[in-house]
Amino acid sequence: MEKLTIVEKKSGNPVVVQLTGEIDAKTAPDLKLQLELMIGNGGTNFVLDMAGLTYISSAGIGVLSAILKFLKEKAGDIVLCNLTKEVKDTLDLMYFTKKVKVFANVEGAIASF
Amino acid sequence: MKIQKEKELLLEPNLEELSTLRKEIRAFLGEEGRSILRNRIVFCLDELVSNIIEHSGLKPTYSKIELRLLSYPTFWKFILIDEGPPFDPNLVQGKDWLDLYESGAEGGFGLRAVKKLAYLHYTRNVNSSKNQITLHFRKGKHE
């Protein structure tokens, strides 16, 4: 089974989270749980590094959308970086790239906060 | 038109099967066509199968989801069959994109996205009590 690996690469503000593998209806709940734990630990701004993410389904978009809404209500945010062209195409398809900022690399994403 | 290649998959109605499903579809598609198109095909089938697993109430021990993959010279054809209750995805009138995002909804994105990418031909076989959805994707210049 293709797994989703979620690693907190940097704590603080923003929190940098590295996502590797595939997000689907099976793995999306893991993503939600891990992001909620990081929010519970004080995280409000997040950089999601998707360099190693090879697939995202609508379940993944749903989790990110719900977390994004929650964070925005607390003056927080999510930004994305290092998207593969396939993942970007899926996010574009669901207009999610109109809801979040997308950066070419982690440094640019961190500097946006 | 002559079939160049075909494959049939039988899947347990279990979310654990999704990664295998995607792997099998990718292997079937090979390197033919652009990677974006291949990813969109994988996405559509992954979403439709996820929907069946999550909403049809099928029990893994008793039912299988059947996916037929067919490659023709100018297009791919995919036929998805399940034994769930009648469900025509074309009749679903969900929230629009703006409402989905503004409400913070976690669901409702998938079917809407699939319908942007492909026409879903739905039939219900009354005799076998099965749903069938057929999708086509063009190959070549028109991708």
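Residues numbered from 1 in each chain as written. Chains lettered and ligands numbered in written order. Predicted model: local features only at pLDDT ≥ 70, side-chain atom pairs only at ≥ 80, totals over all residues.

Participant: Help me out: how do you make sense of the interface of chain B and chain A in this one?
Facilitator: By convention, interface size is frequently given as the accessible area that disappears when the constituent parts associate. Listed per partner, the contact involves 23 residues of chain B and 25 residues of chain A. Of all the secondary structure elements, the ones that give two or more residues to the side of chain B that touches chain A are α1 (18–29), α2 (35–55), α3 (97–103) and α4 (109–117) of chain B. (Contact = placed C-beta atoms within 7 Å. Helix = DSSP H or I, 4+ residues; strand = E, 2+ residues; numbered from the N terminus.)

Participant: Even after reading the chapter, I still don't get the sheet that holds strand β4 (residues 121–125) of chain B, so can you show me in this structure?
Facilitator: Whether parallel or antiparallel, the strands of a sheet pair through hydrogen bonds between backbone atoms. All names here are of chain B. Pairing is antiparallel across the open sheet formed by five strands, whose spatial order is β1-β2-β3-β5-β4. Edge positions in the open sheet fall to β1 (5–11) and β4, since each of these has one partner strand only. Looking at each pair of strands side by side, their axes are set apart by 15 degrees on average, direction ignored. Contacts from α2 reach β1, β2 (65–71), β3 (75–82) and β5 (130–138), with the element oriented near 10 degrees to β3. (Pairing = 2+ DSSP bridges. Axes fitted to C-alpha atoms, helices over the stretch in contact; angles between N-to-C directions.)

Participant: What is the right way to look at the environment of V100 of chain A in this model?
Facilitator: Residues and elements named next belong to chain A. Counting through the fold element by element, V100 comes out in the loop between α3 (85–93) and β5 (101–103). For V100 and F113, which are 13 residues apart along the polypeptide, the C-alpha to C-alpha distance reads 13 Å. The residues touching V100, leaving out its near neighbours within four places in the chain, are L68, I78, V79 and L80.

Participant: Honestly, the environment of I52 of chain B in this entry has me stumped. Any pointers?
Facilitator: All names here are of chain B. Take I52: it is sitting in helix α2. In this structure the C-alpha to C-alpha distance between I52 and S19, which are 33 residues apart in sequence, comes to 15 Å. Filtering out sequence-adjacent residues up to four positions away, I52 remains in contact with P13, L58, I65, D82 and G84.

Participant: What is the right way to read the sheet that holds β5 of chain A from this model?
Facilitator: All names here are of chain A. The five strands are arranged β1-β2-β3-β4-β5 in an open sheet whose pairing can be described as mixed. Each of the sheet's edge strands pairs with one partner strand only, and the pair in question is β1 (4–10) and β5. Geometrically, the sheet is characterised by an average inter-axis angle of 25 degrees between neighbouring strands, direction not taken into account. Of the strand pairs in this sheet, strand β2 (residues 15–23) and strand β3 (residues 45–56) are connected by eight bridges, and their pairing is parallel. Its bridge partner being in β3, G21 is matched across the sheet by L53. Contacting β2, β3 and β4 (77–81), helix α2 (residues 58–72) crosses the sheet at an angle of about 140 degrees to β4.

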